[in-house]
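Working through the structure, step by step
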Amino acid sequence: MASLNINGKEYQLDVPDQMPLLWVIRDVLGLKGTKFGCGKAQCGACTVHLDGVAIRSCTTPVSGAIGEITTIEAIGNDPIGQRLQKAWLDLGVPQCGFCQSGQIMNAVSLLRQNPAPGRDEIIHAMSGNLCRCGTYNRIIAAIQRA
Amino acid sequence: MTVDTKDPVLLANVSRRRFMLGVAGGSALVLAARWDWAHANTEEEQKYGAAGMPGGWTDDPNVFIQIDADGTVTLVNHRSEMGQGIRTSVAMVMADELGANWDQVKVQQAVGDHSRYGNQNTDGSRSMRHWYGPLRRAAAAARQMLEQSAANQWLVPVEEVRAGVHEVVHEPSGRTLGFGELAEAARGLEVPDHTSLKLKSDGDLRFLGKETGIINGELKSAFPKAIDGEDIVSGKAVFGADVDVGDRLYAVIARPPVYGATLKNFDDAAALKVPGVKKVMSIEGTGQPAAFKPLGGVAVVATNTWAAIKGREALSIDWDNGPAEDNSAYTSGSYREALEKRSQSPGKVIREEGDLAKAMESAAQKVSATYYMPHMAQAPMEPPNATVRIEKDRAEVWAPVQNPEATRNTVAERLGFDPANVIVNVTLLGGGFGRKSKPDFAIEAASIAQTFEGQPVTLQWTREDDLQHSYFHTVSVDHLEAGLDENGKTIGWLHRSLSPSISSLFAPDPEHKVDFELGMGLNTTPFNIPALQLENPPASAHVRIGWFRAVYNLPHAWAIQSFAHELSVAAGRDHRDYLLELLGEDRKIPNPSVGDTWNYGEDPDIYTINTGRMRGVIERATDEARWGKELPKGRGMGLAFHHSFVSYTAVVFDVEVDDAGELIIHRADIAFDCGPQANPERIRSQMEGACVMGIGIALQNEISFQDGVAQQSNFDRYLLPRMTEAPREVRVHLVDNPDVPMGGVGEPGLPPVAPALVNAIYAATGKRIRSLPVGDQLKA
């Protein structure tokens with residue numbers, strides 16, 4: 001049995017301790033905004049927040065997800081999340097969009113720790129998030145604009 | 001026309017040609033009467049362009065446009081969205097011509113059905129090129145029906161009314177009626193004949209050809225907003241496995257590691273003990289050639305994806321490599337050596353001009369080089385997946401597929417169903433790049449779902465599955481030799497190009513490139529050289545070879561554009577000047593004159609190869625990059641161009657390599673000429689994205705095989721460009737060229753990127769890279 005707090009809601013779930021948080025979020029709770037890209041913490045598509053800090057949900061066992069979890073579905077309630085979403089739209093960042101949940105979640109985490117990151121700081125913080133469409137320069141510009 | 005809408009004559013017209021199929025069903029207006037476009041096509045026209053595609057085209061407004069009484073305009077997009085922005089661009093084309101207010105536009109995704117929508121295969125950079133005209137005509141027809149409807153209500157000549165934005169205006173009296181108010185009556189009108197359609201002039205367009213968004217810090221226009229933008233940034237966008245189909249099962253499949261191998265036996269005892277695992281079952285495979293059919297293997301079906309993955313890990317499987325024949329000995333290093341050896345001897349001649357032997361004999365200087373590009377996997381961020389529900393003799397599919405019609409037909413074939421009973425819902429694609437042109441994963445899902453009547457099953461490919469069982473980009477060796485005269489001018493050019501063919505996927509391996517592969521920048525080599533010989537020695541396929549964005553243009557551009565640079569170096573000349581000299585005087589090269597029977601399916605009289613446009617992009621990119629400017633030590637500029645998908649691209653990189661061999665990409669300047677531009681902002685984003693993807697091809701991408709098994713299985717060893725690899729600045733320069741037919745956009749940005757980058761590395765370091773990826777070669 002796992003107790004989870006996701007987007008402000010409490011859940012009691014009968015899932016194995018070792019089940020990655022990603023699959024609990026997607027397949028058990030049906031929140032499909034968090035994506036599966038690699039399963040090995042290599043691409044960042046599955047990024048969510050644990051107590052406001054970006055984590056890879058694909059390699060985080062549900063038993064380790066103790067705290068407040070936030071997913072892309074609720075990031076618009078956060079002022080930084082809102083600003084980033086707007087900057088993403090203003091600059092036309094997404095192409096296919098599949099990685100962008102994870103990119104935005106990671107960017108919110110970055111701006112929380114560093115409200116005005118320079119280009120190199122953004123690259124350092126964001127290089128774990130792959131985008132096969134190659135939207136990187138627009139992501140950097142959007143983070144600087146937010 | 002001054003008849004009243006109640007005029008019985010008009011109603012009689014309605015009953016005669018009525019064709020009441022709603023795009024969304026049950027709403028107020030579905031424009032009536034089917035467009036009779038079949039007669040507009042001569043037999044000659046049907047060979048090329050959209051007409052030459054399976055399913056052809058339609059400009060019937062009934063198929064694409066619906067207007068509700070509340071004014072909502074629903075536009076149908078029948079092409080697959082995979083990041084190119086086609087859902088927005090298709091809607092822009094129709095909304096602009098119709099006069100729709102963007103905020104009242106909704107986009108509905110079509111199911112797979114060629115008989116209704118025309119061709120839907122989203123591949124080959126064809127969506128706008130083939131559909132810009134038909135969609136504008138469909139919207140113009142609908143607009144004229146709204147105008148006629150208003151004229152009828154006001155009892156005025158239709159010449160006195162015109163559609164504004166979401167309303168029709170009677171200019172003399174200033175009266176207006178909204179599109180929603182006119183919809184009901186307009187549906188009774190006949191669709192205007194082609195000859196009476198009046199498309200808007202460029203000056204009356206609000207969206208098409210206009211820059212939108214923020215470019216270089218300047219807001220061009222806030223509209224039209226991307227159709228799926230808000231859903232994407234809030235996690236609501238629905239990609240394949242995100243579909244809400246209620247209670248369902250999840251599956252993964254263990255596939256034979258070697259192409260052509262089969263399942264001998266398996267032990268599922270441990271797998272069935274994994275909590276959540278419901279069933280383990282074998283999946284029927286396919287012999288070679290596999291086409292779009294599954295590889296076979298063992299499926300694990302569970303209540304969630306993780307349980308299915310854990311169940312698969314617990315399987316014990318014996319594979320039979322016998323049917324794989326020599327595929328089980330396929331090893332990249334020795335295969336490459338064999339191709340390189342073969343490239344030293346003459347091969348099948350595909351184009352011959354002048355006397356090469358004589359030219360080489362008289363040459364003052366000879367240059368030769370051999371280039372290698374490895375297999376690559378498309379690796380879209382969303383791995384393949386499909387959801388299928390089967391009830392009796394009917395199947396419903398939800399999947400991120402580039403080719404919904406092929407999905408429908410191959411799923412129907414596998415299940416033994418009538419294709420009419422297979423519905424293919426196309427979700428958003430989390431990237432495609434050619435991988436999702438093959439619907440094998442949907443057939444796999446259907447095979448599993450057949451066992452669970454009435455219950456949806458989602459088949460998920462893991463990243464390991466994707467990288468090990470892709471339809472891989474081909475592998476290639478290109479050997480070139482040239483002779484230069486005493487002035488450094490190239491007088492002889494030999495190119496031997498070897499790579500296994502995609503056609504090996506569908507028929508016994510021809511071991512030679514076929515027309516569409518040769519036509520991707522090989523037999524269309526545009527240089528004006530007195531003696532030129534192109535050869536294609538054999539190369540056999542040992543894995544599934546498939547389309548990868550830009551396909552055979554990648555190795556051809558890589559080799560030709562690298563070698564052209566090497567020649568300029570040998571001649572002691574500036575690369576740009578030398579390249580322009582190789583192109584010679586501006587001229588049009590008729591495709592048949594160089595043996596190109598393909599030309600991307602386009603009419604060679606209309607889309608003739610144009611070296612003037614090549615010169616145009618080369619000059620634009622180099623001028624914008626300030627080619628020739630002084631650069632510090634360790635820094636250099638590289639150039640390459642390529643013509644593909646009937647568009648023209650040139651790229652200049654400005655790079656630096658430090659003493660430790662670290663590469664810094666300061667800037668990329670990309671000049672692109674696709675003729676008329678529907679949605680320039682998305683053209684820019686395609687060029688920016690192609691630049692990053694091409695950097696990955698140059699520096700990182702490689703799938704290698706050992707004994708038939710792919711050696712990379714996740715992003716720890718199959719390296720993709722990250723933000724660290726992105727150029728510090730990318731500048732896209734769109735060539736204003738509205739007076740030629742429209743070219744492709746999604747793919748043509750990619751081929752020149754890798755050679756331009758490698759040429760820049762040479763300029764910075766003097767080190768020539770001939771084997772991709774660059775990897776750590778700069779550190780050696």
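Residues numbered from 1 in each chain as written. Chains lettered and ligands numbered in written order. Predicted model: local features only at pLDDT ≥ 70, side-chain atom pairs only at ≥ 80, totals over all residues.

By way of backbone hydrogen bonds, the strands of a sheet pair with one another, either parallel or antiparallel. Residue and element names in this part refer to chain B. In space, the three strands of this open sheet follow the order S5-S6-S7, with antiparallel pairing throughout. At either end of the open sheet lies a strand with only one pairing partner, and these are strand S5 (161-163) and strand S7 (175-178). Between one strand axis and the next, the sheet turns by 20 degrees as a mean value, whatever way the strands run. Here three bridges tie S5 to strand S6 (residues 167-170), and the two strands are oriented antiparallel to one another. In the sheet register, Arg162 faces S6, and the bridge partner there is Val169. Against the sheet, helix H6 (residues 179-186) engages S6 and S7, with an angle of about 75 degrees to S7. (Pairing = 2+ DSSP bridges. Helix = DSSP H or I, 4+ residues; strand = E, 2+ residues; numbered from the N terminus. Axes fitted to C-alpha atoms, helices over the stretch in contact; angles between N-to-C directions. Contact = placed C-beta atoms within 7 Å.)

Residues and elements named next belong to chain B. Counting 275 residues, the largest nonpolar core has Met94, Ala95, Ala251, Val397 and Val753 as its most contacted members. Per element, the largest residue contribution to this core is 12 residues, and it comes from helix H5 (residues 127-154). Look past the residues within four positions of Ala251 in its chain and what remains in contact with it is Ala299, Val300, Val301, Ala308, Ile448, Val457 and Leu459. (Core = buried A, V, L, I, M, F, W, Y, C linked by C-beta atoms within 7 Å. Buried ≥ 20, exposed ≤ 12 C-beta atoms within 10 Å, placed from the backbone.)

Residues and elements named next belong to chain A. With mixed pairing, the five strands of this open sheet are ordered in space as S2-S1-S5-S3-S4. At either margin of the open sheet sits one strand with a lone partner, and together these are strand S2 (9-13) and strand S4 (53-56). Between one strand axis and the next, the sheet turns by 40 degrees as a mean value, whatever way the strands run. For strand S3 (residues 47-50) and strand S5 (residues 68-70), the ladder comprises two bridges, and the chain directions are antiparallel. Residue pairing in the sheet places His49 in a bridge with Thr70 of S5. Of the strands in this sheet, S3 and S4 are in contact with helix H3 (residues 100-113), which crosses S3 at around 35 degrees.

Another point: the environment of Arg626(B). Residue and element names in this part refer to chain B. Mapped onto the fold, Arg626 is located in the loop between helix H18 (611-624) and strand S26 (635-644). We classify Arg626 as partly exposed; it has 14 C-beta atoms within 10 Å. Sequence separation between Arg626 and Asp669 is 43 residues, and the spatial gap between their C-alpha atoms is 9.7 Å.

This part covers the pairing of strand S28 (residues 663-673) of chain B. Residues and elements named next belong to chain B. Among the 11 residues in S28, eight count as buried, and that is most of the element. Bridge count between strand S27 (residues 647-657) and S28: 10 bridges; the pairing is antiparallel. Bridge assignment links Asp654 to a residue of S28, and that residue is Arg667. The turn joining S27 and S28, which pair antiparallel and follow one another in sequence, is formed by five residues; a positive phi near 85 degrees is taken by Gly661.

For an interface, size is often stated in terms of accessible area lost upon the parts coming together. All names here are of chain A. Taken domain by domain, chain A consists of domain 1 (2-73) and domain 2 (75-145). Taking only C-alpha atoms into account, the centre of domain 1 sits 20 Å from that of domain 2. In this complex, domain 1 contributes 16 residues to the contact, which on the side of domain 2 involves 13 residues. Mapped by element, the contributors of at least two residues to the side of domain 1 that touches domain 2 are S3 and S4. Examining the composition of the side of domain 1 that touches domain 2, we find that three residues originate from one element, S3, more than from any other. (Domains from an automatic or database assignment.)

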